[in-house]
Structures are given as C-alpha cells and as structure tokens.
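Topology and contacts: notes
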Amino acid sequence: MGNEGLAGRVALVTGAARGLGFAIAQRLAHSGARVWLNGRNEGALEQAAAAIGGGATPLPFDIADDAATAAAFARLEREGGLDILVNNAGQRDRRALAKLDRQAMRDLLEVNLVAPFDLARRAAALLRQSRAGRIINITSIAAEIARGDPLYTASKGGLAALTRALAAELGADRITVNAIAPGYFSTQTNAGMVADTAVEQHLQRRTSLGRWGQPHEIAGAVAFLAGDEASYITGHTIAVDGGYLAHF
C-alpha cells in the first residue's frame with residue numbers, strides 16, 4: 001500500500017481495466033484517492049476494481065460517445081465531483097501509410113485526441129471547485145520521435161500540444177495540466193513485442209536502462225503530478241522511458 005497523500009481526492013482514469021491504466025488507478029487508490037475506473041467493458045472494470053480493493057469504482061462508458069460521456073460526468077458531479085483526470089485510454093493502428101485513408105486518421109484522432117480534449121473540457125467545470133485540480137495526459141515518446149506509425153504519432157503529438165494549451169488556459173483556475181510520455185512498457189497489449197527477442201535486443205541497445213518498463217513504474221510519476229508536491233508544475237511532459245529519448 002502507498003501513502004495517503006491523495007486522501008479525499010477523487011480521480012477518473014480512462015482505459016483503467018488493464019495495463020498502464022490499471023497500474024495508475026491502483027497507485028492513486030493506494031495513495032488514498034477515490035478512483036473511478038473507465039473503460040468500455042464493464043466486466044473487466046469490475047474485475048479491476050475488485051483487484052484494487054477499496055476506493056475503486058467502475059464507470060463504464062465509451063469516451064468517443066458524446067452522450068455517454070455527458071451522462072458519466074453528470075454522475076461524477078452528483079457523486080462527489082472530481083479532482084484528478086487521467087487521460088490514459090488510446091488506440092493504435094500500425095498499418096503502413098499506403099494502407100491508410102482519411103477515415104483511419106479520423107477514427108484514431110477521435111479516441112486519442114478529440115476525446116481527451118472533451119474529457120478535459122468537461123472536467124474543468126468540476127476541477128474549478130477542487131482545491132487542487134489536476135489533468136494528466138498520457139502521451140508517448142512518439143510525440144517526440146517517430147518510426148513511421150503516422151496516425152498514432154500525430155495523435156500523441158497533438159495531445160502533447162493540447163497539454164500545453166490547456167495548462168495556459170486553466171492556470172488561472174488553479175488547475176495544473178501535465179503529460180507523461182511512456183516509452184516501451186511490458187503490457188498485455190504489447191505481449192507480442194515483449195516476446196520478440198529482436199525488440200528486446202533493440203531496447204538493450206537503445207535505452208539507458210536496457211529493458212522494458214513495467215506498468216507500476218509509470219504510476220509513481222502520475223501520483224507525483226496528482227499530488228501537492230507538483231503544485232507549481234504545469235504545461236510539461238515527463239518522459240518515463242528508461243532513457244530512450246536521452247540515449248543514442
């Protein structure tokens with residue numbers, strides 16, 4: 001169990017049923033926050049909430065659905081408001097450029113950029129009533145560097161820029177807005193890559209720490225940005241990447 005530095009705070013973590021989102025939600029709950037777990041699969045969210053224990057509650061809705069999102073925020077307002085929003089949910093389409101079209105870009109941006117914008121917009125009204133409102137966007141090192149993958153790279157670059165814009169606009173309301181850019185993390189989604197020895201060898205050469213990150217290793221950075229220790233930090237992105245961006 002962690003400390004109680006977030007006692008009394010209410011957090012919403014999107015994409016919280018597994019992977020990085022689950023690890024983030026677990027850390028926030030263990031730090032004393034009441035955490036709403038978002039995702040589209042209610043059963044998976046219930047299992048995640050049970051695994052976390054007290055302080056975790058499923059809040060199933062599709063972040064790309066305007067009406068469902070509005071209903072979810074109405075519930076948040078009725079049941080205690082909000083202090084922390086973690087925009088973690090995202091999608092990826094790794095197809096080559098020749099296989100992509102306009103609609104593919106629209107579809108990915110809807111989840112990876114439009115939805116976080118809308119969630120932040122809606123959250124701001126509740127966060128203004130908090131003594132320490134926090135928005136934390138999960139971007140990617142792909143916002144800074146690229147190996148193809150144009151849809152995901154563009155969406156995460158946009159989310160990094162949105163982080164700065166929201167920080168500038170919401171600072172007057174005492175709301176901080178920051179981002180965390182993960183590198184290579186060993187999650188269920190990346191299981192195939194984790195099992196690939198070529199990727200393992202790449203990380204040994206390319207990162208300072210020479211290995212995959214583990215989901216719990218991102219959670220501490222989120223808890224820091226959500227807490228009082230980060231009260232004068234806004235508009236920034238912390239890379240949690242084992243030194244990938246710094247190493248060559």
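Summarised in this report is the structure supplied together with it. Please read all numbers here as calculations on a predicted model, not as lab measurements. As a convention, each chain's residues are numbered from 1 in the sequence order in which they are written. For this predicted model, a pLDDT threshold of at least 70 governs which residues receive local features, and a threshold of 80 or more governs which side-chain atom pairs are given and counted, while totals over whole chains, interfaces and linings are taken from all residues. Hydrogens and waters are ignored; side-chain quantities use all the structure's heavy atoms.

**Brief notes about the overall build of the protein chain**
Numbering goes from the N terminus for both helices and strands, where a helix is a DSSP run of H or I of at least four residues and a strand is a run of E of at least two. Assigned secondary structure in the protein chain consists of eight helices and seven strands. Compactness check: the protein chain gives a C-alpha radius of gyration of 17 Å against a globular reference of 18 Å for 248 residues, within 12% of the reference. For the protein chain, the spread of C-alpha atoms along the principal axes amounts to about 50 × 40 × 40 Å. A 1.4 Å probe rolled over the protein chains alone gives each residue an accessible area, and that area as a share of the maximum for its type sets the label: buried under 20%, exposed over 50%, partly exposed in between. Taken over 248 residues, the protein chain has a buried fraction of 48%. Partitioning the intrachain contacts of the protein chain with sequence separation of at least 6 by distance along the chain shows that 70% fall at a separation of at least 24. Using the Shrake-Rupley algorithm and a 1.4 Å probe, accessible areas are obtained, with residue cover drawn only from the displayed protein chains. Accessible surface, the protein chain: about 11,700 Å² in total, of which carbon and sulfur atoms supply 52%. Here Asp and Glu are counted as negative and Lys and Arg as positive; His is not counted, and neither are the chain ends. Charge positions come from single atoms, namely NZ of Lys, CZ of Arg, CG of Asp or CD of Glu. Each charge class in the protein chain was averaged separately, 25 positive and 24 negative side chains, and the resulting centres sit 3 Å apart. Each radius of gyration is computed over the set of C-alpha atoms, and the globule rule expresses the reference value as 2.2 Å times the number of residues to the power 0.38. In what follows, a contact means two residues having at least one pair of non-hydrogen atoms within 4.5 Å.

**Topic: the sheet that holds strand β6 (residues 175-182)**
Should DSSP find at least two bridges between two strands, the strands are taken to pair. As summarised here, the arrangement of the seven strands in space is β3-β2-β1-β4-β5-β6-β7, forming an open sheet in which the pairing is parallel. In this open sheet, the two edge strands, each paired with only one partner strand, are β3 (56-60) and β7 (237-240). Across the sheet, the mean angle separating the axes of adjacent strands is 20° when strand polarity is ignored. Direction of pairing for strand β4 (residues 84-87) relative to strand β5 (residues 133-138): parallel, over a ladder of four bridges. Within the sheet, the bridge partner assigned to I84 lies in β5 and is R134. Packing of helix α2 (residues 42-52) onto the sheet brings it into contact with β2 (34-39) and β3, and relative to β3 it is tilted by some 170°. Helix axes are fitted to C-alpha atoms over the stretch in contact, other axes to C-alpha atoms as well, and angles between N-to-C directions run from 0 to 180 degrees.

**Quick notes on helix α5 (residues 150-170)**
Note that an α-helix has 3.6 residues per turn; residues three or four places apart therefore point the same way. Between its first and last C-alpha, α5 extends 30 Å over 21 residues, near the 30 Å set by a 1.5 Å rise per residue. For α5, the complete set of buried residues consists of L151, Y152, T153, S155, K156, L159, A160, L162, T163, L166, A167 and L170. Structurally, α5 contributes buried residues whose contacts are with α4 (102-127), β5 and β6. For a helix, the expected span equals 1.5 Å multiplied by the residue count minus one.

**What about the packing of aromatic side chains?**
The way to describe two aromatic rings as a pair is by their centre distance and the angle between their planes. Pairing of aromatic side chains here covers Phe, Tyr and the six-membered ring of Trp, requires ring centres within 6.5 Å, and sorts the geometry by plane angle: under 30 degrees stacked, over 60 edge-to-face, intermediate tilted. Going through the model one piece at a time under the given rule, you end up with two aromatic pairs. Between Y184 and W212 the ring centres are 5.6 Å apart and the planes differ by 70°, which places this aromatic pair in the edge-to-face class. Of this pair, Y184 sits in the loop between β6 and α6 (191-194) while W212 is found in the loop between α7 (197-206) and α8 (216-226), placing the two residues 28 residues apart along the sequence. Judged by centre distance (5.4 Å) and plane angle (25°), the rings of Y184 and Y244 are stacked. Pair noted here: Y184 is in the loop between β6 and α6 and Y244 is in the segment after β7, with a separation of 60 residues, a long-range link. We classify Y244 as buried; its relative accessible area is 4%. Taken together, the ring pairs in this structure connect Y184, W212 and Y244 into an aromatic cluster.

**A few points about the nonpolar core**
Within soluble globular proteins, side chains that are nonpolar generally end up buried alongside one another. By size, the foremost hydrophobic cluster in this structure holds 32 residues, and its most contacted members are L28, V35, L37, V86 and I180. The set of elements that each furnish at least two residues to this core consists of β1 (10-13), α1 (19-30), β2, α2, β4, β5 and α8. When sequence neighbours within four positions are dropped, the list of residues in contact with L28 reads L6, A11, V13, A33, V35, V86, V222, A223 and A226. Among buried residues, those of type Ala, Val, Leu, Ile, Met, Phe, Trp, Tyr and Cys that are joined through side-chain atoms within 4.5 Å constitute a nonpolar core. Counting residues in hydrophobic clusters, the runner-up holds 28 residues, among them F73, L82, L166 and I175.

**Considerations on the pairing of β3**
With five bridges joining them, β2 and β3 adopt parallel strand pairing. Note that in β3 the partner of N38 across the bridge is L59. Orient the strands so they point away from the viewer; a crossover is then right-handed if the path from the first strand over the helix to the second runs clockwise. In this fold, the crossover linking β2 to β3 by way of α2 has right-handed handedness.

**Some details on α1**
Under the 1.5 Å per step criterion, the end-to-end length of α1 is 17 Å for twelve residues, consistent within 8% with the ideal 16 Å. Extensive coverage of α1 is indicated by the burial of ten of its twelve residues. Downstream of α1 by one or two residues, G32 has phi in the positive range, about 105°.

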